[in-house]
Amino acid sequence: YPYLIALPGFRASGQSPTDRAVDVVSNVLRSNASAENQIEAIWALRGSRTPIATATLRSSTRNTDREIALRSAAALLSVGDLSGLPAVASTLEGSRAGLSEEAYLTVLGSLTELNQPAAVATLDRLLARGDAGTRKATIQSLRKMRSPGAVPSLVRALDDDGRTSIVVDVIG
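Treat the numbers as computed from the prediction; the structure is a model and nothing was measured.

Engineer: Help me out: how do you make sense of the packing of aromatic side chains in this one?
Structural biologist: Where two aromatic rings form a pair, the distance of their centres and the angle of their planes describe that pair. Considering all chains together, one arrives at 0 aromatic pairs under this definition. One Lys or Arg, Arg 96, reaches over the ring of Tyr 104 and ends 3.5 Å from the middle of that ring.

Shown next as structure tokens:
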């Protein structure tokens, strides 16, 4: 992107240019900016592995706006921070009512980025309870982990009627 979202008049702090850029974007997420601007800030922070970005995204998972909170949780998963997994799992196990298709797809995408064996139990639960999109993203994540702990979940998915095609599609 040729630019980063920022609020006028904010003075960034930080030692490096990256720290200052992350601070400027984080300020948007910490502010009362519009949901659209906060979502843009989340996208800008996605993938940043700095302590400021992680702390801001964690804090934003408590936002009263469900989409902001969920997108922040998904952004945490994209940098390997499992603190966003409970919110993502809860959403994928529950109702999607009121959740935009874009937010749902963002959450599914973040799920496929998981590669920590510590997430296997949650992914196993999602595999059993989720819709087809959730199951497919879960299988992609479990497969990518290459963890012995993921094998039983993948084997169960093969034996479950209606889900074999999802596993074959992902593996094949």
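And the narrative resumes.
Engineer: In this structure, what is going on with the packing of helix H1 (residues 17-30) against helix H3 (residues 51-60)? I would like to understand it.
Structural biologist: Pairs of packed helices are described in terms of their axes, by the angle between the two and the distance that separates them. Two elements in contact, H1 and H3, have axes separated by 9 Å at closest approach and are oriented at 10 degrees. Viewed along their axes, H1 and H3 adopt a mutual orientation that is roughly parallel. Here H1 contributes Asp 19, Val 22, Asp 23, Ser 26, Leu 29 and Arg 30 to the contact with H3, which in turn contributes Ile 52, Ala 53, Thr 56, Leu 57 and Ser 60. A class-by-class count of the residues in the contact of H1 with H3 yields 5 nonpolar, 3 polar and 3 charged.

Engineer: Explain unusual backbone geometry to me, please; I cannot follow it from the model alone.
Structural biologist: The general pattern is negative phi for most residues beyond glycine and trans for most peptide bonds. Phi at Arg 146 takes a positive value of approximately 55 degrees, unusual for a residue other than glycine. Relative to the elements of secondary structure, Arg 146 occurs in the loop between helix H8 (132-145) and helix H9 (151-159).

Engineer: Teacher, can you tell me more about helix H7 (residues 120-129) here?
Structural biologist: Turn by turn, an α-helix covers 3.6 residues, leaving residues three or four places apart pointing in a common direction. For H7, the complete set of buried residues consists of Val 120, Thr 122, Leu 123, Leu 126 and Leu 127. For H7, the buried positions fall inside an angular range of 160 degrees around the axis, keeping them on one side. Of the exposed residues in H7, those oriented more than 90 degrees away from the buried face are Ala 121, Ala 128 and Arg 129.

Engineer: Would you explain H3 in this entry?
Structural biologist: Regarding H3, the residues found buried are Ala 53, Thr 54, Thr 56, Leu 57 and Ser 60. Seen along its axis, H3 keeps its buried residues to an arc of 165 degrees; they face one direction. Buried residues along H3 sit in contact with H1, helix H2 (35-45) and helix H4 (66-78).

Engineer: Which parts of the structure should I look at to understand the packing of H4 against helix H6 (residues 101-112)?
Structural biologist: Where H4 meets H6, the closest approach of the two axes is 8 Å, and the angle between their N-to-C directions is 20 degrees. Accordingly, the angle class assigned to the pair H4 and H6 is roughly parallel. Where H4 crosses over H6, the handedness of that crossing is left-handed. Contact with H4, carried on its side by Glu 67, Leu 70, Arg 71, Ala 74 and Leu 77, involves Glu 102, Ala 103, Thr 106, Val 107 and Ser 110 of H6 and no other residues of that element. By residue class, the composition of the contact of H4 with H6 is 5 nonpolar, 2 polar and 3 charged.

Engineer: Help me understand the environment of Arg 125 in this model?
Structural biologist: If you trace the backbone, Arg 125 turns up in helix H7. When the C-alpha positions of Arg 125 and Ala 89 are compared, they lie 8.7 Å apart, and in sequence the two are 36 residues distant. Those residues within four positions of Arg 125 in sequence are excluded, and the remaining contacts are Ala 89 and Glu 93. Among the polar contacts listed, one links the side chain of Arg 125 to the side chain of Glu 93, at a separation of 2.6 Å.

Engineer: What is the right way to read the pattern of salt bridges from this model?
Structural biologist: For side chains of opposite charge, pairing can occur when their charged atoms come near one another. Under the counting rule described, the total for this entry stands at 10 salt bridges. Measuring nitrogen to oxygen at the nearest pair gives 2.6 Å for the salt bridge that ties Arg 58 to Asp 81. With Arg 58 in helix H3 and Asp 81 in the loop between H4 and helix H5 (85-93), this pair connects stretches of sequence that are 23 residues apart. The class for Arg 58 is partly exposed, based on a relative accessible area of 40%. Note that Glu 93 is salt-bridged to Arg 125, the shortest N-O span being 2.6 Å. Pair noted here: Glu 93 is in helix H5 and Arg 125 is in helix H7, with a separation of 32 residues, a long-range link. Since its relative accessible area comes to 26%, Glu 93 is described here as partly exposed. Each of the salt bridges in this network shares a partner with another, and the network as a whole consists of Glu 67, Arg 71 and Glu 102.

Engineer: Sorry if this is basic, but what is going on with the nonpolar core here?
Structural biologist: Most often, soluble globular proteins keep nonpolar side chains buried together rather than apart. Val 88, Leu 92, Leu 111, Leu 114, Leu 123 and Leu 142 are the most contacted members of the largest nonpolar core, which totals 27 residues. For this core, the secondary structure elements donating two or more residues are H4, H5, H6, H7, H8 and H9. Once residues lying within four places of it in the same chain are set aside, the contact partners of Leu 114 are Leu 77, Leu 82, Leu 85, Ala 119, Leu 123, Ser 141, Lys 144 and Met 145.

The rules behind the values
- Residues numbered from 1 in each chain as written.
- Predicted model: local features only at pLDDT ≥ 70, side-chain atom pairs only at ≥ 80, totals over all residues.
- Heavy atoms only, no water.
- Phe/Tyr/Trp six-rings, centres within 6.5 Å; stacked < 30°, edge-to-face > 60°.
- Lys NZ or Arg CZ within 6 Å of the ring centre and 35° of its normal.
- Axes fitted to C-alpha atoms, helices over the stretch in contact; angles between N-to-C directions.
- Helix = DSSP H or I, 4+ residues; strand = E, 2+ residues; numbered from the N terminus.
- Parallel < 35°, antiparallel > 145°, perpendicular 65-115°, else oblique.
- Contact = heavy atoms within 4.5 Å.
- Nonpolar A, V, L, I, M, F, W, Y, C, P; charged D, E, K, R; others polar.
- Buried < 20%, exposed > 50% of the residue type's maximum accessible area, 1.4 Å probe, protein only.
- Arc of directions from axis to C-beta.
- Left-handed = near helix turned anticlockwise from the far one by under 90°.
- Polar contact = N/O pair within 3.5 Å; in protein donor to acceptor, adjacent residues only side chain to side chain.
- Salt bridge = Lys/Arg side-chain N within 4 Å of Asp/Glu carboxyl O.
- Core = buried A, V, L, I, M, F, W, Y, C linked by side-chain atoms within 4.5 Å.

Function cannot be inferred from these measures alone, as they are strictly geometric.
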